[in-house]
Amino acid sequence: MVTTMNTLNTNINLSNLKETLTDTFSAVELPNGCIKSENNTDSLGMQAKAVTDNILYFRVESDRIEPICTYIHKEWGYQLVLMFANDENEDELGTDLGYGLYYVFADKEYRILVTIKTVIGAAKPEVQSLSHTIQAAAGYEREIQDLFGIVPIGHPDAKRLVFHSNWPQGIYPLRKTFDVRSKLPMAKEEIRFRKVEGEGVFEIPVGPVHAGIIEPGHFRFSVAGEPIINLEAQLYYVHKGIEKLAEGQTLEKGLYLSERISGDETFANSLAYCQAIETISGSNVPERAEYMRVLFAELERLTSHLGDLGGVCLDAAYGFATFQFRMMRGWAYALADELCGMRFLRSVNTLGGMRKDFVKGKEASLIRQLEQIRSELEDTVSIVKSNSLFTDRVENTGILATPIAIDLNAVGPGGRASGVGYDVRRWFPYAAYDKLEVQIPEHNNGDINCRFNIKIEECFESIRLMVQAIETMPAGPVLEPITHVKPYHFAFGITEAPRGENIHWLMTGKNNTIYRYKIRTPSFCNWPALCYAVNGNIIPDFPLINKSFNLSYAGNDL
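Quick caveat: nothing in here was measured; it's all calculated off a predicted structure.

Novice: What am I meant to see in the side chain of D557 here?
Specialist: Inspection of the secondary structure puts D557 in the segment after α17 (542-549). For the buried residue D557, which engages in no salt bridge, the nearest side chain bearing the opposite charge is K240, 7.2 Å off. Reaching out from D557, the side chain makes a polar contact with the backbone nitrogen of Y236 at a distance of 2.9 Å. There is a polar contact of 2.9 Å between the side chain of D557 and the side chain of N556. Among residues more than four places away in sequence, those in contact with D557 are L235, Y236, Y237, V238, H239 and K240.

Here's what the structure looks like:
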């Protein structure tokens, strides 16, 4: 089902891009960042416009959505990185009433984001599915169907994604007419799984409740003997309703919610949220705060990767390495605690900068502790890489092939281990990353060993970036408060979380509130990739493969 994307011509400048979309598909360019204004000059200040120069919005009629999206993806090679809906059935928005559908494509080489919007009328909420030609669209279309009731016509398997078993049919919580306080009857719907038939084929259901302290998720294996021939993951058992909860909330409450998307990616999510608000407001974040954001973002990455490395070693019964990585993770947590008094980095970011100067006076101590982690990591990696038994266990196991990684838009270490050398810090730099030299490791075999090595190399790179940020951080203020944002303006916030590309899209409402908050974490892209990576492996390999991706349940089940 998954096909390889052709070699594509990405050497397209913005003028050609605009001309092709408007002439060939009758697309209308929309103002960037403002839903009411007819031109950019009325919607954004100079600083904000500079940030968003390469972010374009176009609108097409719904019957043109399939050809234009297919053209952008197949002919130009732009990846579908996000797809979402927005209930725009309010006169105050000044647009045609209906549900806005947004398809976001990225040219990751030329740093261009192209958003194609169409409006679906409430009387007939359906749209042509893109899943046959753009495999990455399949999950988004199922999500939108569950949350907005927009049916993807021709979808190859439009089973419910977010709501299953207990949620009644015909209730769509992200429509503005849905009251979040509603008490719904409990449905009793049987979950349908793909049937794989044949001699000797049988199913193994695992979960949603697992041994140990992990979150719930159901995995339905189809096996022939021990080899896995199909895996279907049923997630969303911990759906928190964060996007609905954000509607109508203050900007400060939105920041609070963003920090609770995923516990181990608190900083990356709060930073993406702050970016979106700061772009809308046109504010200038102080330079010292930008460097501090790099420091905290890399500390979160280092902590996460050390935990992942220990987890892989644990599932391979490699006790010494497990406890080495866990010890270093403890050191990283201690460093976070010294910096801000919070291991999970909550209440560090704020709109317009940082809550306080967390670094001043601690520079020498921070660098000393980072050097200690670096030295211990070098010794540990040297021992691990000389262990041929461990290498045999992880090499050529759980391979995610490059074409599948591209088609599914696999991101982060999972994508970079399969030859997809993309990292937001370099291609869409934010905070102070454009002032630092970011090295992006890349491997090509796509197995556990490659994902393991990517994370090792990124640990060293995170330490180097933190030391560089501390040494070059300018003096000065760390906060430029934001007191007001215009209503019905929108912007992206994009960060490289420990698990990969993390995209937030936010539209403001009246009186400094949130109208729509869309979140796409890296785990949303990589869960389908994991299901492909296990095929052909044996059941005992699954925990190890799963751990090498280390995907988030809570960060996916928003």
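Novice: I would appreciate a short explanation of the nonpolar core in the present structure.
Specialist: Across soluble globular proteins, nonpolar side chains show a tendency to be buried alongside one another. Counting 146 residues, the largest nonpolar core has L21, Y103, I116, F296, F325 and F492 as the members making the most contacts within it. Ranked by residue count, the leading element in this core is helix α8 (residues 287-315), at 13 residues. Other than its neighbours up to four places away in sequence, F296 contacts F267, L339, C340, L345, V348, M354 and F358. Within the second largest apolar cluster, 20 residues are counted, among which are I242, A491, Y517 and L558.

Novice: Help me out: how do you make sense of helix α4 (residues 137-148) in this one?
Specialist: Residues spaced three or four apart along an α-helix face the same direction, because each turn holds 3.6 residues. Taking 1.5 Å per residue as the helical rise, α4 with its 12 residues ought to reach 16 Å, and the 16 Å between its terminal C-alpha atoms agrees with that figure. Most of α4 sits out of view: 11 of its 12 residues are buried. Here α4 has its buried residues at A137, A138, Y140, E141, R142, E143, I144, Q145, D146, L147 and F148. Buried residues along α4 sit in contact with β3 (79-87), β4 (99-107), β6 (126-128), β7 (151-153), β15 (514-520) and α16 (522-533).

Novice: Quick question: what am I supposed to make of the sheet that holds β3 here?
Specialist: By definition, the strands of a sheet pair up through backbone hydrogen bonds, in either a parallel or an antiparallel sense. Here 5 strands make up an open sheet; going across it, the order is β1-β2-β5-β4-β3 and the pairing mixed. The sheet is open, and its two borders are formed by β1 (28-30) and β3, each paired with just one other strand. The mean inter-strand angle of the sheet, taken between neighbouring strand axes irrespective of direction, is 25 degrees. Relative to strand β5 (residues 112-120), β4 runs antiparallel, the two being bridged by 9 bridges. When the sheet's bridge partners are listed, L101 is paired in β5 with T118.

Novice: Looking at this structure, how should I read the pattern of salt bridges?
Specialist: Side chains carrying opposite charge are able to pair once their charged atoms draw close together. Applying the stated rule across the entire model yields 32 salt bridges. Here E247 makes a salt bridge to K176, at a shortest N to O gap of 3.6 Å. On the criterion of sequence distance, the pair formed by E247 in the loop between α5 (242-246) and α6 (251-258) and K176 in the loop between β7 and β8 (201-206) is long-range, its members being 71 residues apart. Exposure remark for K176: the relative accessible area of 25% places this residue in the partly exposed category. Between E265 and R499 there is a salt bridge whose closest N-O contact spans 3.5 Å. Residue E265 is located in the loop between α6 and α7 (266-281), and its partner R499 is located in the loop between β13 (490-497) and β14 (500-508); the two are separated by 234 residues in the primary sequence. Using a relative accessible area of 2% as the deciding quantity, one classes E265 as buried. Classification of R499 as buried rests on a relative accessible area of 6%. Within the structure, one salt-bridge network assembled from shared partners comprises E298, R301, R416, D423, R425, E458 and E496.

Novice: How should the packing of helix α10 (residues 363-385) against helix α15 (residues 448-472) be read in this particular structure?
Specialist: When two helices pack together, their arrangement is given by the angle between the helix axes and by the axis-to-axis distance. Running from amino to carboxyl end, α10 crosses α15 at an angle of 160 degrees, the nearest separation of the two axes being 10 Å. In terms of their interaxial angle, α10 and α15 are classed as roughly antiparallel. In this structure, the crossing between α10 and α15 has a hand that is left-handed. Of the residues in α15, those in contact with E363, L366, I367, L370, E371, I373, R374, L377, E378, V381, V384 and K385 of α10 are F452, N453, I456, C459, F460, I463, M466, V467, I470 and E471. Grouping the amino acids of the contact of α10 with α15 by side-chain chemistry returns 15 nonpolar, 1 polar and 6 charged.

Rules of the game
Residues numbered from 1 in each chain as written. Predicted model: local features only at pLDDT ≥ 70, side-chain atom pairs only at ≥ 80, totals over all residues. Heavy atoms only, no water. Helix = DSSP H or I, 4+ residues; strand = E, 2+ residues; numbered from the N terminus. Buried < 20%, exposed > 50% of the residue type's maximum accessible area, 1.4 Å probe, protein only. Lys, Arg positive; Asp, Glu negative; His and termini not counted. Salt bridge = Lys/Arg side-chain N within 4 Å of Asp/Glu carboxyl O. Polar contact = N/O pair within 3.5 Å; in protein donor to acceptor, adjacent residues only side chain to side chain. Contact = heavy atoms within 4.5 Å. Core = buried A, V, L, I, M, F, W, Y, C linked by side-chain atoms within 4.5 Å. Expected span 1.5 Å × (residues − 1). Pairing = 2+ DSSP bridges. Axes fitted to C-alpha atoms, helices over the stretch in contact; angles between N-to-C directions. Parallel < 35°, antiparallel > 145°, perpendicular 65-115°, else oblique. Left-handed = near helix turned anticlockwise from the far one by under 90°. Nonpolar A, V, L, I, M, F, W, Y, C, P; charged D, E, K, R; others polar.

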